[in-house]
Amino acid sequence: MKLFTKIFLQVACIIFVLSSIIFFYTSYRWKNQSIQDINSYEESKFQNNLLQFENKLRLWENQPVSLDNSIQKELMVYAFRQVFRDTAALYQEGKELYNGTSYEFEIQDICKLLKNQENENSMDEQLYGGTPLTAKINGKTLLLFYSATNYDRTDTKYQIVTYKDITEVQKRNQLLFWRAGGLTLFLLLFTALLLFLSLRKIMRPLAGLSEAAICVANGNYERKVPVEGNTELAQVGKSFNLMTDKVKEQIEELSSVNQAQRQLLGSLAHELKTPMTAIIGYADTLLTMRLSPARQEKALSYIGNECHRLSRLSVKMLELTGLYETGEARFSPEEIQAASFLENVRQLVAYRLKEKNISLEIICQPPELMKIFDPDLMTSVVTNFIDNAVKASEEDSRIVITATKEKLVVQDFGKGIPKEDLGKVTEAFYMVDKSRSRAKGSVGLGLSLCEKIVEIHGFQLEITSKVGEGTIVSVLW
């Protein structure tokens with residue numbers, strides 16, 4: 001993940017830089033402090049020895065007895081050895097008088113180095129005790145202290161050089177530097193590991209969010225982002241899950257609307273077919289046959305009734321769309337005589353039955369049976385049943401409609417419905433014989449629409465069938 005890598009590298013670099021600065025500054029200060037402590041102690045010791053040495057020289061200078069140069073030198077060396085012992089060297093005019101150390105010092109070189117190091121005026125005849133000089137002699141690191149003074153009795157310049165071996169101190173400082181460096185490196189690596197694990201744990205929700213986004217983009221709206229705690233990332237995860245739920249609802253709603261529109265168009269086309277067939281049939285009869293005025297009036301009456309039914313049916317189909325969207329539909333139930341209702345249906349499908357010379361038998365028990373339903377919608381239901389029965393029947397066959405107090409039954413003796421298709425015939429757009437149904441202009445909405453109409457009446461639809469024997473469609477009212 002690019003964000004993970006970027007954050008990790010930036011934080012690691014910041015920690016590394018800060019740790020390096022702290023480490024090198026601390027090491028530098030520690031090293032300098034240790035040298036300064038030694039320098040302060042040795043310088044104080046050197047100044048005390050110089051003061052003792054000068055006091056001894058003043059005692060001899062104040063004596064009235066005059067001493068020759070050789071005795072003076074011996075006395076000076078004697079006094080020098082008493083004070084400095086074997087830790088310093090004494091020089092006269094740059095020539096060595098006494099050197100109790102195991103090192104050889106070049107006075108001229110030391111003076112030049114001290115002048116350069118101090119960046120001061122040239123040394124005069126007075127006591128000099130400036131910044132010590134660090135020098136490498138015989139493989140050892142020495143801290144050198146230098147002083148020049150005059151012996152008043154002879155006006156002779158004397159130089160004193162003493163030292164402190166700091167080789168071991170520098171070795172210890174170097175060892176401490178490497179140990180501290182190793183420890184710092186270990187802590188840096190350990191911190192980097194902790195940072196890596198922490199960032200990976202923190203960024204894991206983002207990785208899950210990315211995977212979930214890809215799943216949602218591919219249409220899997222069930223994918224959810226795990227939400228843990230109450231952090232900002234957890235809030236983002238909750239918002240993402242809420243978004244996917246809303247997107248899923250919107251898509252389902254759009255799909256439902258689309259399905260309702262398809263069913264509306266299919267239902268309109270399907271339900272307009274039967275009355276249009278009747279209208280065309282009666283119109284053809286009027287145009288091609290010479291009828292008596294009574295029969296002409298009857299044909300025109302059927303045409304008028306069907307036109308009015310078409311108008312009402314179109315309105316009811318629009319209302320029926322709400323059945324698919326909201327589960328509700330408005331209808332106008334009336335108390336209807338079953339026998340009269342079925343005779344009207346017979347007249348509507350008469351021309352459809354003539355296409356195959358199929359007879360329609362109507363049985364109503366009792367003959368005066370009355371039922372409450374919406375006549376337009378129930379007409380669509382029964383004509384759908386008859387239309388399906390005609391499609392499934394052979395020529396010169398028969399269809400029987402039976403109406404009782406318990407149910408309305410439409411029975412044909414056609415080819416029947418296979419057992420595996422029987423439970424699916426009421427699904428929208430489902431057709432048992434798809435090739436023949438498409439060729440005849442069917443869209444598979446008949447029984448689906450009938451089932452909805454039956455349900456809004458509070459009735460039940462029941463279908464039984466045997467292949468080769470026929471089908472029985474019952475409305476349990």
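Note: the structure precedes this text.
Read on for a plain summary of the structure. All values reported here derive from a predicted model rather than from experimental measurement.

Definitions and limits used
Residues numbered from 1 in each chain as written. Predicted model: local features only at pLDDT ≥ 70, side-chain atom pairs only at ≥ 80, totals over all residues. Heavy atoms only, no water. 1 Å grid on protein atoms, 1.4 Å probe; cavity = no way out; pocket = protein on both sides within 12 Å on 5 of 7 lines; lining within 4 Å. Points joined across faces, edges and corners; volume = space filled by probe spheres on them. Helix = DSSP H or I, 4+ residues; strand = E, 2+ residues; numbered from the N terminus. Nonpolar A, V, L, I, M, F, W, Y, C, P; charged D, E, K, R; others polar. Expected span 1.5 Å × (residues − 1). Bend = angle between axes of the 7 residues up to and from the residue. Buried < 20%, exposed > 50% of the residue type's maximum accessible area, 1.4 Å probe, protein only. Axes fitted to C-alpha atoms, helices over the stretch in contact; angles between N-to-C directions. Parallel < 35°, antiparallel > 145°, perpendicular 65-115°, else oblique. Left-handed = near helix turned anticlockwise from the far one by under 90°. Contact = heavy atoms within 4.5 Å. Pairing = 2+ DSSP bridges. Arc of directions from axis to C-beta. Salt bridge = Lys/Arg side-chain N within 4 Å of Asp/Glu carboxyl O. Patch = residues over 30% accessible without salt bridge, like charges linked within 9 Å, V, L, I, M, F, W, Y side chains within 5 Å. Areas by Shrake-Rupley, 256 points an atom, 1.4 Å probe, with all protein chains shown as cover. Lys, Arg positive; Asp, Glu negative; His and termini not counted. Charge placed at Lys NZ, Arg CZ, Asp CG, Glu CD. Core = buried A, V, L, I, M, F, W, Y, C linked by side-chain atoms within 4.5 Å.

A probe as big as a water molecule, rolled over the atoms, marks out the empty space that is left. Looking at the second largest pocket, its volume works out to about 410 Å³. Forming the boundary of the second largest pocket are 18 residues, of which Lys201, Arg204, Pro205, Pro226 and Glu228 lie nearest the centre. Looking at the lining of the second largest pocket element by element, the count peaks at seven residues for helix α4 (residues 167-217). Grouping the constituent residues of the lining of the second largest pocket by class yields 10 nonpolar, four polar and four charged.

To continue, consider α4. Spanning 51 residues, α4 covers 72 Å between terminal C-alpha atoms, matching the ideal 75 Å at 1.5 Å per step. Along α4, the sharpest kink reaches roughly 40°, centred on Met203 and followed within four residues by the proline Pro205. Along α4, the residues classified as buried are Thr167, Val169, Asn173, Leu188, Leu195, Leu199, Met203, Gly208, Leu209, Ala212 and Val216. Positive phi shows up at Gly219, right after α4, with a value of about 100°.

With that out of the way, let us pick up unusual backbone geometry. Cis geometry marks the peptide bond from Gln365 to Pro366, where omega comes out at -5°. Topologically, Pro366 is positioned in the loop between β7 (359-364) and β8 (370-373).

Right, let's talk about the packing of helix α7 (residues 338-348) against helix α9 (residues 375-392) for a bit. The contact between α7 and α9 brings their axes to 10 Å, and the two run at 55°. Taken as axis vectors, α7 and α9 run oblique relative to one another. Between α7 and α9 the crossing geometry is right-handed. Contacts between α7 and α9 involve Phe341, Val345 and Leu348 from the first element and Pro375, Met378, Thr379, Val382, Thr383 and Ile386 from the second. Here the contact of α7 with α9 is composed, by residue class, of seven nonpolar, two polar and no charged.

This part covers the pairing of strand β2 (residues 95-99). In the sheet, strand β1 (residues 88-92) pairs with β2 via four bridges, with the strands oriented antiparallel. Across the sheet, residue Ala89 finds its bridge partner in β2, namely Asn99. Counted between consecutive antiparallel strands, the loop separating β1 from β2 contains two residues, among which Glu93 sits at a positive phi close to 50°.

This part covers α7. Along α7, the residues classified as buried are Ala338, Phe341, Leu342, Val345 and Leu348. Buried residues in α7, looked at end-on, bunch into an arc of 105°, giving them a common side.

Next up on the list: the pattern of salt bridges. On inspection of all chains with the given rule, the structure shows five salt bridges. Residue Arg352 is joined to Glu355 by a salt bridge in which the shortest nitrogen-to-oxygen separation is 2.6 Å. Members of the salt-bridge network, linked through shared partners, are Arg352, Glu355, Asp387 and Lys391.

Taken together, the side chains of Glu96, Glu104, Glu106 and Asp109 make up a negatively charged region of the molecular surface. By secondary structure assignment, the location of Asp109 is in helix α3 (residues 107-118).

A separate point is the nonpolar core. If you look at the biggest cluster of nonpolar residues, it comprises 38 residues, and the most contacted ones within it are Ile386 and Ile399. Only α7, β7, α9, β9 (398-403), β10 (407-412), α12 (446-456) and β12 (470-476) provide two or more residues apiece to this core. By residue number, the principal contributor to this core is α9, which donates eight residues. When near neighbours in sequence (up to four residues on either side) are disregarded, Ile399 contacts Leu353, Ile358, Ser359, Leu360, Glu361, Ile386, Ala389, Val390, Val410, Gln411 and Asp412. Ile38, Leu50, Tyr98 and Val169 belong to the second largest nonpolar core, which has 21 residues in total.

Looking now at the sheet that holds strand β11 (residues 460-466). Taken in spatial order, the five strands make up an open sheet running β7-β9-β10-β12-β11, and their pairing is mixed. The outermost strands of the open sheet, each flanked by one partner alone, are β7 and β11. Going across the sheet, the axis of each strand differs from the next one's by a mean of 10°, ignoring polarity. In the sheet, β9 pairs with β10 via five bridges, with the strands oriented antiparallel. Bridging across to β10, Thr402 finds its partner in Val409. Those strands touched by α7 are β7, β9 and β10, and its axis lies near 170° from that of β7. The sheet contacts of α9 involve β7, β9, β10, β11 and β12, and relative to β9 the element is tilted by about 155°.

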